[in-house]
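Residues per chain, in single letters:
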Amino acid sequence: MQSADQHLRARLADEFPAGAHAWPPDLSRRHFLELMGASLALAGVAGCYRPPREDIVPYGDTPEALVPGNPLTYATAMPWHGFARGILVRAHEGRPIKIEGNPAHPDSLGATDAITQAAVLGLYDPDRSTTPVHQRVPVSWADFDAAWRNQRARFDTLGGDGFALLTEPTTSPTQLRLVHALLDHWPHARWYQAPTLLAHEVEADLSRADVILAIDDDILVQHPGSLRHARHFAARRRESPNRLYVAEPSPTVTGSMADRRLPATPAECRALLETIASQLEHETPSGGGFVAQVTRDLREAGPRGRCFVGAHLGPQAQKLADRINRLIGVTPPPTHRHPRSDNDPRATGDLTTLAADIDNQRVHTLVVLDRNIVYTEAGGRTWPDRIGRLASSIHLGAYHDETGQACQWHLPTSHFLESWNDLRSSDGTATIAQPASTPRLNTRAPLTLLDQLARGSGRSDYALVRETWDAPPDDWSEWLRRGTVPRAQDNVRPPAPPSLRRGAPPAPPLAGDALVAVFRPDRYLDDGRWANNGWLQELPDPFSRLAWGNAAWISSALARKHGLNAGDHVVLTCEDRTLEIPVWIQPGQAGSAVTLHFGYGRRAGGHIAQGVGVNVFPFQPPSGATECVIHDLRSTGRHTDLISTQGHFDMAQRDLVRVVPAAEADHPPTDALSPQERSTLFPAAFPEGEYAWAMAIDLRSCMGCQACVIACQAENNIPVVGAAQVARGREMHWIRIDRYYTGDETSPLMLHQPVPCMHCENAPCELVCPVGATVHSSEGLNDMVYNRCIGTRYCSNNCPYKVRRFNFLNFRVDDDSPLNERHNPRVTVRERGVMEKCTYCVQRINAARIVARREDRRIRENELRTACQQVCPTEAIVFGDKNDPASAVSRRRAHPLNYALLTELNTQPRTTYLARVTNRAPEDAPA
């Protein structure tokens, strides 16, 4: 017997791994070649199965060969409530790692939002379904195929009688073609469409709008054309200030940009519309009230005015908005309605109709296409019982969620980045959505399943899309390369423009003092479909700054009336429904409104989503109405410490966000001392390098959407730290959006300020680092040398802007997690105990520098953009060489509104701001 020590020495002496043997001394060369030949043959057989070859085309000029380490970019589209978001996907060796907007797409214009930026994380989610499930038991696709063949044969004889398909409204020509083919083959089959929470219809060009009225309609974020709206609105505001009026129950991104905002319940919003329409038609307004000012400005603006109204306010409110637009001379173009299948004449109905047909036994087999109807059910939990009574139920989805668990069959679907599709944006532009990766899991695309239902063949999604768009190979490649189909070659026409959307039934007329619950989708989790995305869970709300949970938003007046503090639990009662939820006291909230956000309280669908927040769907009226009267509100005596990343909203008499009236924008107040006149303890200025990098952020345009925060997280491999760490103030975002309120708390002016690292010329952090981990580059960057940092945190203590983040724990995922494949290979993945911060995307600077030096030239401005700059829908952020007088950043720094943050400290930051400009009516200007 060997001792333990002898055994260990023997193991260490053997250079081969366990189970391997050294070369036998009698092994001949012939025998060696036989063994190697057999090994190669077996390896070849094992690697023979792969998806069929389908060519995808990189965006721009196709490279001659893929150079390892150099990414390829593909133009495609992301589905967003049935519409297309035109995007570019950057992939390293077949791994999509970053999403950008497609500048060639007329609806995205090169920008994206926070949800689109975070969508790439879902591709690598370990909680995605990997195999079909039957009666909660994993099975194979062959098992499902065999079972469906038997069912399909029966429906062939019945003409589809008893079969029902449930989808969301869509703009996909191929999906609509397949659905119609199924209905042609089975004339007695039924097709239902489950409406989405964001059901807006009207489009408009805001680039020429002088006056905009938005009645409970977040047109700059929660709208199919929001990216285009935001770009045009901001560009028009920089050119010559337009005027924005907003009335809404609780703060929205659009409301925060308003020159005058009125907190109002939905009933009050409808009354406002009626009054404004009446005054425009019959009266000449006088005085300075909200209605009088809006009416006067709309009348003066004429065709350069615009009225928007949220679809959830009901058809009568939409008719009033159309009436207002007609009265001021706005003639909507023929395609002003979204080209979506909401009112397709072949559709049987919506969820209400489906429920009635199941209860009346007209439906026996239900196929749910990527919709979680069990979780999103309003007013109760009847769908699990209803689905359980069906003879057969099939759910296709990315997660084994609440609906997947209720159905007999759950089928895993492919991510949109690994499947073919075609979609239209809100303006009708068509995009061939090509994958940027081969399928990573044992999934099927929705189009393939639809074809299997309709024809039994289950052809590939590529073949189905290619069949829809019959185009020559050169045209097809060009469409894939650009990401859009030219209108002249768009041989597939959209459905007829729908009539005014019916929407949810409005609440009955309310008494003046009635308390009303207002239901809204979460700004980032939507109706819960993004609840398992850690980036979005950890992204705080732009106003409450709440993360990892939701709360009932109430006004300060309502809080005082009931003696409530933030985090106190209340029980709300509406008819026979009750809801217990903590409250959040929100400035700018309508006094008689309690806002409840969907998307939380998930019971299935991934470990990140489960148990976070409160599910408010059961409290929603069964009719699906987006408001209801609260009969009782009482405190329970319980309290929850809500997680908010900003516990204050007062600037403490410091000039952090400067606000300038439009009349004074050309001659704003300036600092008393220039940087050169201030005394300093810092050493002499650093020598100038080849470039002088700087950033300027225009607060006239920044709307606090936080797309830049997620873009920075995706670009720089910033980890998710979880609710417990965020509660301790240890969030890791390299850029934060500070939120401030000024004026009356009932209707304050809401201000947003992005705060990345300032990259100070006189950087306080650099003087105190004992190991030289934070150093100053010759081009003005405040660099971090991660392998030097020993975690003293002196630099963070000495930073007046508090923009440094310390990696207290090891937030790296396990080595075998698929999430590791999403990391940007050009950015270090930091270990525990390292200080992190914004680097001005130094990896992008260096990549552009390599190309420029190879071509013996300077870096061009249009080839270098930081992640936050590239994503911004309003182009509020610019970056470049401040020594170049023609650069955009130099022009902004020379603008009269330009200022630096905390100039009295003489840190001389390279990041500066342009002051916020308000354009209130003269009679409404604050004293």
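Figured I'd write up the structure that's included with this text. (Residues numbered from 1 in each chain as written. Predicted model: local features only at pLDDT ≥ 70, side-chain atom pairs only at ≥ 80, totals over all residues. Heavy atoms only, no water.)

Of all five residues that make up strand β21 (residues 593-597), five are buried, and the element is covered over most of its length. Burial along β21 is two-sided: A593, T595 and H597 and V594 and L596, pointing in opposite directions, are all buried. Direction of pairing for strand β17 (residues 516-520) relative to β21: parallel, over a ladder of five bridges. Following the sheet pairing, V518 is matched in β21 by T595. (Buried < 20%, exposed > 50% of the residue type's maximum accessible area, 1.4 Å probe, protein only. Helix = DSSP H or I, 4+ residues; strand = E, 2+ residues; numbered from the N terminus. Pairing = 2+ DSSP bridges.)

Let us look at the sheet that holds strand β33 (residues 898-899). With respect to topology, four strands assemble into an open sheet ordered β32-β25-β34-β33, the strand pairing being mixed. Single-partner strands in this sheet number two, and they are β32 (877-881) and β33. Relative to strand β34 (residues 911-914), β33 is paired through two bridges, and the arrangement is antiparallel. What sits directly across from Y899, in β34, is Y913.

This brings us to the side chain of S392. On the secondary structure map, S392 appears in strand β13 (residues 392-397). A distance of 3.0 Å separates a polar atom in the side chain of S392 from a polar atom in the side chain of Q151. (Polar contact = N/O pair within 3.5 Å; in protein donor to acceptor, adjacent residues only side chain to side chain.)

With that out of the way, let us pick up the sheet that holds strand β12 (residues 365-369). The strand order across the open sheet built from seven strands is β5-β4-β14-β13-β12-β6-β7, with neighbouring strands paired in mixed fashion. Only two strands of the sheet have a single neighbouring strand rather than two, namely β5 (137-138) and β7 (190-193). For strand β6 (residues 163-167) and β12, the ladder comprises four bridges, and the chain directions are parallel. Of the residues in β12, the one forming a bridge with L165 is V367. Along the sheet face, helix α4 (residues 141-158) touches β6, β12, β13 and β14 (409-412) and points at about 120 degrees away from the line of β14. Contacts from helix α11 (residues 351-359) reach β6, β7 and β12 within the one sheet, and its direction differs from that of β7 by about 140 degrees. (Contact = heavy atoms within 4.5 Å. Axes fitted to C-alpha atoms, helices over the stretch in contact; angles between N-to-C directions.)

The next subject is the packing of helix α8 (residues 266-282) against helix α10 (residues 315-327). Remark: α8 packs on α10, axes separated minimally by 10 Å, with the N-to-C direction vectors making an angle of 25 degrees. By the angle between their directions, the pair α8 and α10 is classed as roughly parallel. The two elements α8 and α10 meet at a crossing, and its hand is left-handed. Taking contact as the criterion, the partners of R270, L273, E274, I276, A277, S278, L280 and E281 in α8 are, on α10, A317, L320, R323, I324 and L327. Split by residue class, the contact of α8 with α10 holds eight nonpolar, one polar and four charged. (Parallel < 35°, antiparallel > 145°, perpendicular 65-115°, else oblique. Left-handed = near helix turned anticlockwise from the far one by under 90°. Nonpolar A, V, L, I, M, F, W, Y, C, P; charged D, E, K, R; others polar.)

With that out of the way, let us pick up the packing of aromatic side chains. By the definition in use, this model includes 23 aromatic pairs. Centroid distance W420 to Y462: 4.8 Å. Interplanar angle 65 degrees. Geometry classified as edge-to-face. Taken together, the residues W420 in the loop between β14 and β15 (421-424) and Y462 in helix α15 (residues 461-468) connect sequence positions 42 residues apart. Considering the side-chain rings of F598 and F617, the 4.0 Å spacing of their centres and the 10 degrees angle between planes classify their relative orientation as stacked. On the criterion of sequence distance, the pair formed by F598 in the loop between β21 and β22 (627-629) and F617 in the loop between β21 and β22 is long-range, its members being 19 residues apart. What makes F598 buried here is its relative accessible area of 2%. Three or more aromatic residues link up through ring pairs in this structure, and these residues are Y375, F519, F598, F617 and F619. Between R730 and the ring centre of F808, over which it is positioned, the NZ or CZ distance is 3.8 Å. (Phe/Tyr/Trp six-rings, centres within 6.5 Å; stacked < 30°, edge-to-face > 60°. Lys NZ or Arg CZ within 6 Å of the ring centre and 35° of its normal.)

Relative to the helices and strands, T573 is located in strand β19 (residues 568-574). Along the primary structure T573 and R634 are separated by 61 residues, whereas in three dimensions their C-alpha atoms are 8.9 Å apart.

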